[in-house]
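Per-entry structural report
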Amino acid sequence: MSAIVTRIAPSPTGSMHIGTARTALFNWLYARGRGGKFLLRVEDTDKERSTPEATTAIFKGLEWLGLDFDDEPVFQASRAERHIEIATQLLASGHAYKCFSTQDEISQFRDAARAEGRSTLYQSPWRDIDHSAHPDEAYVIRIKSPNEGHTIIKDQVQRDVKIRNDQLDDMVLLRSDGSPVYMLAVVVDDYDMGITHVIRGDDHLNNAARQMLIYRAMNWPIPVYAHLPLILGPDGKKLSKRHGATGVEEYQLMGYPASGMRNYLARLGWSHGDDEFFSDEQAKDWFHLDAIGKSAARFDFKKLENLCGQHISQTQDAALLHETLEYKRIKDDEDSAHKLSKRLLPALYCIKQRAKTYGELIEKANFILIDRPIKIDEKAKINLSEDAISMLNTLTPQLHNVSWSREELEALGKFVAEKFDKNFGKLAGPLRAALAGQTVTPSVFDMMLILGRDETIARLADVNAKGSN
RNA sequence: GGCCCGUUCGUCUAUCGGUUAGGACGCCAGGUUUUCAACCUGGAAAGACGAGUUCGAUUCUCGUACGGGCUGCCA
């Protein structure tokens, strides 16, 4: 069995779409799970719409998602000569012909066809005209598609799709300015790159039949096809800006971990029994083309967040720190990332269980990131009644006398609360306010352990001092 | 208009002719609890519609409806 080669072939127009990311992921999973290669080809043949920024976005998007590709990326535009060479061969072998029809003639044809209810596929009068009758004018090269029979696309997702050949038009291969058209370029590039499996969006399903015409004419082996259903917005309409984020970099900026994105995207349109939360290794192991669903899937942020939360909580502290700093660097700057790097690590163990994004993680670590004297917000202040402060006053000096362990701190906390005839809950609120200045934080004991004895006592002393004033 | 594809709880999905139609997210109720979260228990919730094939259809076939794609000298 020959090695598997897959590819992702995005066009660099705008940001990297989340659908492209999923297609890339599927290709990557398939190749990586089978010892194959995963290649990148940038389809930049549309000079009007292609931009260098968009190309950068593709590289960055793939890098962030951890979808590493093999070999050097291929830029389609740079291969124009090769595409022209093939078009010329097709012309010579009689599989293609020169068409001198003008744009006006074509649109007139189509208007008339539509008015009469006929097929609007253009039927060029030049298809069977002898060379000697060719005028000395601009022409395009069209493929000569068969008018009879049918083409069967053996698709791994959609199963066999039968299309009548008379539904296939004589598509343009080379424009009148001599530049190759996408439909030709993909086929030539896929062939030259040795692509064995074409896994791409559903929107290309019909195109596959057209492209097979070129494979056949060139006598090239047809790759295995797998056309993925599209990703829809939460309302079932095509995912667009109006639904919020469509570009992968936006998800990166929202603080979702790449591992969670991969997990969610893999699960969107593909399944492995009841497995919901899984690692890359498992996904590579399990991924099969025939387990891909046939219908379009809606994007669900809630599920994405849930999965991301699970991934964050399962990530080792050191790796999580690294990822969070990377996020902070992109979101803000090197300085704020640096500041984070010095304090975040010891707090991770207790906050990673409760964060769905890196942003939430940082937010929940706030107590360790702030410096004395800490600012106490309005809600937290409500907890600092006179009674509360006298409780804190009782507690504070005793903190010198316990070993700094969770057990002893808990025992002390209960003891002090009981002295005031209260349950610990009544002490926890004020303690939280004094230590973090907020009402929503990790457990007060975790905060004390992380802050350390000196800082804890100092923060409490700040409040005690204020209270006694 | 023509051709092609799709349709199971709100969402992602399992099921590959016989199931009390399963799981996950979300939602609701209860529990745990020092806040939030997490966690635990329970609950509501689905085969688009209509025919046909069959002893039996969510599963196979056809039609209808709805959604999507293609129909470019865009990709």
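Predicted model only: the values in this text are computed from it and were never measured. (Residues numbered from 1 in each chain as written. Chains lettered and ligands numbered in written order. Predicted model: local features only at pLDDT ≥ 70, side-chain atom pairs only at ≥ 80, totals over all residues. Heavy atoms only, no water.)

**Considering the packing of helix α3 (residues 80-92) against helix α6 (residues 205-218)**
Rule in force here: A fitted line through C-alpha atoms serves as each axis, taken over the contacting stretch for helices, and the angle formed by two N-to-C directions is quoted from 0 to 180°. By the criteria applied, helices consist of DSSP H or I runs no shorter than four residues and strands consist of E runs no shorter than two, each listed in order from the N terminus. Oblique is the label for any angle not covered by the other classes, which are roughly parallel (under 35 degrees), roughly antiparallel (over 145) and roughly perpendicular (65 to 115). Left-handed describes a crossing in which the near helix is turned anticlockwise from the far one by less than a right angle; the clockwise case is right-handed. By definition in these notes, contact holds between two residues if any of their heavy atoms fall within 4.5 Å. Under the scheme applied here, ten amino acids are nonpolar (Ala, Val, Leu, Ile, Met, Phe, Trp, Tyr, Cys and Pro), four are charged (Asp, Glu, Lys and Arg), and all others, including Gly, are polar.
Taken N-terminus to C-terminus, the directions of α3 and α6 make an angle of 70°; their axes are 11 Å apart at the nearest point. As the angle between them shows, α3 and α6 are arranged roughly perpendicular. The interaxial crossing formed by α3 with α6 has left-handed handedness. Residues Ile86, Gln89 and Leu90 of α3 lie in contact with α6, whose contacting residues are Ile214, Ala217 and Met218. Residues that form the contact of α3 with α6 fall into these classes: five nonpolar, one polar and no charged.

**What about the sheet that holds strand β4 (residues 96-99)?**
Condition: Only strands that DSSP links by at least two bridges are regarded as paired with each other.
Taken together, the three strands give an open sheet; going across it, the order is β4-β5-β8, and neighbouring strands pair in antiparallel fashion. This sheet does not close on itself; its edge strands, each paired only once, are β4 and β8 (172-174). Strand-to-strand, the axes of this sheet are offset by a mean angle of 45°, without reference to chain direction.

**Some details on the pairing of strand β7 (residues 159-164)**
Relative to β7, strand β6 (residues 150-155) runs antiparallel, the two being bridged by six bridges. Within β7, the position partnered with Asp155 by the bridge is Arg159. Taking the residues between adjacent antiparallel strands as the criterion, β6 and β7 are bridged by three residues.

**Re the pattern of salt bridges**
So the rule is basically this: Between Lys or Arg on one side and Asp or Glu on the other, a salt bridge is scored when a side-chain nitrogen of the former is within 4 Å of a carboxyl oxygen of the latter. Burial classes: relative accessible area under 20% of the type maximum marks a residue as buried, over 50% as exposed, and values in between as partly exposed (1.4 Å probe, protein chains only).
Per the stated rule, a full pass over the model turns up 30 salt bridges. With a closest N to O distance of 2.7 Å, Lys328 and Asp332 form a salt bridge. A relative accessible area of 16% means that Lys328 is categorised as buried. The partner of Arg459 in a salt bridge is Glu455, and the shortest N-O contact between them spans 2.8 Å. You can see Arg459 and its partner Glu455 sitting in helix α21 (residues 453-468), four residues apart, about one turn around the helix. Accessibility expressed as a relative area gives 24% for Glu455, which makes it partly exposed. Residues participating in the shared-partner salt-bridge network are Arg7, Arg41, Glu43, Arg79, Arg82, Glu85, Asp189, Asp190 and Asp192.

**Notes on the protein's contact with RNA strand B**
Applied cut-off: Near residues are defined by distance, with any heavy atom within 4 Å of the molecule or strand qualifying the residue. The term polar contact refers here to a pair of N or O atoms within 3.5 Å; inside protein, the definition further demands a hydrogen-donor-capable atom paired with an acceptor-capable atom, and it admits residues adjacent in sequence only when both atoms are side-chain atoms.
The environment of RNA strand B is formed by 62 residues, the closest being Arg110, Arg175, Arg210, Arg354 and Arg432. Within 4 Å of the protein, the contacting atoms of RNA strand B are 66% sugar and phosphate, with bases supplying the remainder. Here a sugar or linking oxygen of RNA strand B sits 3.2 Å away from a polar atom, N or O, in the side chain of Gln158. At a separation of 3.0 Å, a base nitrogen of RNA strand B approaches a polar side-chain atom of Lys303. Residue composition of the surface near RNA strand B, grouped by class: 17 nonpolar, 21 polar and 24 charged.

**Here's the deal with helix α11 (residues 317-331)**
Selection rule: Helix span, expected: 1.5 Å multiplied by one less than the number of residues in the helix. It is the directions from the helix axis to the C-beta atoms whose arc is reported.
Counted at 1.5 Å a residue, the expected span for α11 with its 15 residues is 21 Å, and the 20 Å between its end C-alpha atoms agrees. Among all positions in α11, only Leu320, Leu321, Thr324, Leu325, Tyr327 and Lys328 are buried. Taken end-on, α11 shows its buried residues confined to a sector of 160°, consistent with a single buried face. Among the exposed residues of α11, those oriented more than 90 degrees off its buried face are Ala318 and His322. Elements that come into contact with the buried residues of α11 comprise α7 (248-253), α10 (301-314), α12 (334-343), α13 (348-351) and α14 (358-364).

**Remarks on the sheet that holds strand β2 (residues 37-42)**
Judged by pairing direction, the sheet is parallel, and its three strands sit side by side in the order β1-β2-β3 without closing on themselves. The open sheet has two free edges, formed respectively by β1 (5-8) and β3 (74-75), since each of these has just one partner strand. One ladder, built from two bridges, connects β2 with β3; its direction is parallel. If you follow Val42 over to β3, its bridge partner there is Phe75.

Spatial relationships are all this shows, so hold off on functional conclusions.
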